[in-house]
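# Notes for the structure review
In case you want the letters, here they are:
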Amino acid sequence: MQISVIGSGYVGTTLAAVLADAGHDLVNVDLDEEIVSQINDGVAPIFEPGLDELVAEHAGTQLRATTDYDDIADTDVTFLALPTPTDDEGKIDLAAMRAGSRSVGEILAEKDGDHLVVVKSTVVPTTTEEVVVPTVEEASGKTAGEGFDVAMNPEFLREGTAVYDCQEPDKIVLGVQDGAAGERALDTLHEVYEPILADHDASVVETGLREAEMIKYANNAFLAAKISLINELGNICKEYGVDAYEVADAIGLDHRIGPHFLRSGVGWGGSCFPKDVAAIIHAAREKGYAPELLEAAVAVNERQPQRLLGLLDTHTDVAGKRVAVLGLAFKPGTDDIRESRAIPVIEGLIERGADVVGYDPVATENMREHFPDIEYADSAAAALEGAHAALVTTDWDEFEALDGEFDAMADPVVIDGRRVIERRDGLTYEGITW
Ligand code: UGA
């Protein structure tokens, strides 16, 4: 199939590369010329395991990037994979979605034949019906369900495993309009995903547009709340000297709870959970509903970095002392620092007057933009040398192997927010929930 993807962020680039690899012809549209030329040179614009290889393999043949919306006229399907950031109140900003929808509509005005517009971005319920459809209709002069079709197909990929998640999804959610237009959209989407479903057994959920939009938020809100719940229980465990990981292993055996996403620690970050939980809270409040449990999930998440710092305070006063922060990315496998729990931890250390030295295998340059004035080390060993304390904020595998490196600390106080340090002997070691 001829497919266009608008937006070359995490979702757009991964989707385009994976669909090209599945045998379709892809054109990826982005306004950023640098990103476009990178993709055309066969280089992934983001750090994501396996993505560089796919882009290198298909660039120039089945995958092409462009800044020109005109190129979507030759495609059958257009995915909108544009950012939907939230403002301070949690409301999602639809400026990019409106602009993208308008540009697609302008092209459709000149196009004969069927075209399916698919919303991939995370948008609150009714956005596809009330914002995307009217915008495309106005720009194209055509009516949804007649001149073009529309669908909502949320993405569940995780950063760090985006390619794998896109190639081997648990589920594919297809939200469509009622009636013949919906059936047509489903047929087209089945054709898009056919090569992926042929190689991998995923559940396909066929539903309405606003249901698909809600499924995405419910998925992320559930997972974020699950982590906050295990963090809350973990904090109680710590008060009793109980190891929260032992408790999590046991409760995870109940199939209704399940063993996944029960790693308690310094909390959740990233570009999705904080934004999406805030957005669905805001959307619920706009409807006059108070989502108290979700608000508590956010509050627990904000407390975790403070608890990590509080544990540090019980062992040492760090004013004027070198303190290592191990892990700057919001999770392992990515250089993304958005809403990383390392950020409030570093802020707390700066407030305490510490000389902070950060280390991360890939996220240092991104964190340097956020905190230009702290020191950055090239290795965990270099960060630990002479440090009076170390705080662990990301569960990178390489931290598990740290051992003799702790002997170079001036004072071996280690506060672990991710249950990743294996050495305990000779350290003043505290786990956040164990
Ligand atoms: C999340 C969802 O997992 C994806 O399904 C979704 O598509 C994506 O958001 C999105 O909406 O785009 P992601 O943000 O990449 O993916 O990362 P996760 O692996 O879910 O981790 C999120 C945060 O939770 C990280 O800070 C991680 O350290 C933390 N976490 C995760 C825990 O603290 N404990 C756990 O047990 C699991």
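Our subject in this report is the structure included herewith. (Residues numbered from 1 in each chain as written. Predicted model: local features only at pLDDT ≥ 70, side-chain atom pairs only at ≥ 80, totals over all residues. Heavy atoms only, no water.)

### So, the sheet that holds strand S3 (residues 63-66)
The 8 strands lie next to each other as S3-S2-S1-S4-S5-S6-S7-S8, forming an open sheet whose pairing is mixed. Two strands lie at the open edges of the sheet, namely S3 and strand S8 (203-208), each paired on one side alone. Adjacent strand axes in the sheet meet at a mean angle of 25 degrees, parallel and antiparallel pairs treated alike. Here strand S1 (residues 2-6) runs beside strand S2 (residues 25-29); their pairing, made up of 5 bridges, is parallel. If you follow Ile3 over to S2, its bridge partner there is Leu26. Contacts from helix H1 (residues 10-21) reach S1, S2, S3 and strand S4 (77-80) within the one sheet, and its direction differs from that of S2 by about 165 degrees. In this fold helix H5 (residues 127-140) packs onto S4, strand S5 (116-119) and strand S6 (149-152), with an angle of close to 140 degrees to the strand it touches most, S6. (Pairing = 2+ DSSP bridges. Helix = DSSP H or I, 4+ residues; strand = E, 2+ residues; numbered from the N terminus. Axes fitted to C-alpha atoms, helices over the stretch in contact; angles between N-to-C directions. Contact = heavy atoms within 4.5 Å.)

### Regarding the pattern of salt bridges
The full count for this structure, using the stated rule, is 21 salt bridges. Asp149 is paired through a salt bridge with Arg184; the nearest N and O atoms lie 2.8 Å apart. Of this pair, Asp149 sits in strand S6 while Arg184 is found in helix H7 (residues 179-199), placing the two residues 35 residues apart along the sequence. Residue classification places Arg184 among the partly exposed positions, given a relative accessible area of 31%. One connected set of salt bridges, linked through shared partners, spans Glu159, Asp336 and Arg338. (Salt bridge = Lys/Arg side-chain N within 4 Å of Asp/Glu carboxyl O. Buried < 20%, exposed > 50% of the residue type's maximum accessible area, 1.4 Å probe, protein only.)

### Observations concerning the site of the ligand
Near the ligand lie 20 residues; those nearest to it are Leu157, Glu159, Lys216, Asn220 and Cys272. Take Leu262: an N or O atom from its main chain is 3.4 Å from an oxygen atom of the ligand. Coverage of the ligand by the protein amounts to 91% of the 720 Å² it exposes when considered alone. Sorting elements by how many residues they give to the shell around the ligand places helix H8 (residues 209-239) first, with 3 residues. Split by residue class, the shell around the ligand holds 9 nonpolar, 3 polar and 8 charged. (Near = heavy atom within 4 Å. Polar contact = N/O pair within 3.5 Å; in protein donor to acceptor, adjacent residues only side chain to side chain. Areas by Shrake-Rupley, 256 points an atom, 1.4 Å probe, with all protein chains shown as cover. Nonpolar A, V, L, I, M, F, W, Y, C, P; charged D, E, K, R; others polar.)

### Topic: helix H9 (residues 244-251)
Turning to H9, its buried residues are Ala244, Tyr245 and Ala248. The buried residues of H9 occupy one face: seen down the axis, they fall within an arc of 95 degrees. Along H9, exposed side chains directed more than 90 degrees from the buried face belong to Glu246 and Asp249. Buried residues belonging to H9 abut H8. (Arc of directions from axis to C-beta.)

### Describing the nonpolar core
Ranked by internal contacts, the top residues of the largest apolar core, which has 51 residues, are Leu326, Leu349, Met367, Phe399 and Ile421. Where this core is concerned, the elements lending two or more residues are helix H11 (292-313), strand S9 (322-326), helix H12 (342-351), strand S10 (355-359), helix H14 (380-384), strand S12 (389-392) and strand S13 (413-416). Every residue in contact with Ile421, bar those within four places of it in the chain, is listed here: Val392, Phe399, Leu402, Phe406, Val414, Asp416 and Tyr429. (Core = buried A, V, L, I, M, F, W, Y, C linked by side-chain atoms within 4.5 Å.)

### A word on the packing of helix H10 (residues 273-286) against H11
Two elements in contact, H10 and H11, have axes whose closest approach is 10 Å; the angle formed by their N-to-C orientations is 150 degrees. For the element pair H10 and H11, the recorded crossing hand is left-handed. Contact residues: H10 offers Val277, Ile280, Ile281 and Arg285, while H11 offers Leu294, Glu295 and Val298. In terms of residue class, the contact of H10 with H11 is made up of 5 nonpolar, no polar and 2 charged. (Left-handed = near helix turned anticlockwise from the far one by under 90°.)

### A few points about the sheet that holds strand S11 (residues 375-376)
Here 6 strands make up an open sheet; going across it, the order is S11-S10-S9-S12-S13-S14 and the pairing parallel. The open sheet terminates on both sides in strands that have one partner only, identified here as S11 and strand S14 (428-431). Inspection of the sheet shows S9 paired to S12 by 4 bridges, in the parallel sense. Opposite Val323, over in S12, you have Ala389 as the bridge partner. The strands that H12 touches are S9, S10 and S12; relative to S9, the one it contacts most, it runs at about 175 degrees.

### Brief notes about the packing of aromatic side chains
What the rule picks out here adds up to 4 aromatic pairs. When the centroid spacing of 5.4 Å and the interplanar angle of 85 degrees are considered together, the rings of Tyr245 and Trp434 count as edge-to-face. Taken together, the residues span a long stretch of sequence, with Tyr245 in helix H9 and Trp434 in the segment after S14 at a distance of 189 residues. The same class applies to Tyr245 and to Trp434, which are both buried. Judged by centre distance (6.1 Å) and plane angle (65 degrees), the ring pair of Tyr359 and Phe399 falls under edge-to-face. Taken together, the residues Tyr359 in strand S10 and Phe399 in the loop between S12 and S13 connect sequence positions 40 residues apart. Owing to a relative accessible area of 6%, Tyr359 belongs among the buried residues under this scheme. What links up through ring pairs into an aromatic cluster is the set Phe261, Trp268 and Phe273. Over the ring of Phe156 we find Lys171; its NZ or CZ atom is 4.2 Å from the centre of that ring. (Phe/Tyr/Trp six-rings, centres within 6.5 Å; stacked < 30°, edge-to-face > 60°. Lys NZ or Arg CZ within 6 Å of the ring centre and 35° of its normal.)

### What about the pairing of S12?
Alternating positions in S12 separate into two faces, Ala389 and Leu391 on one and Ala390 and Val392 on the other, with burial throughout. Bridging between S12 and S13 involves 3 bridges; their strand directions are parallel. The residue bridging Leu391 from the neighbouring strand is Ile415, located in S13.

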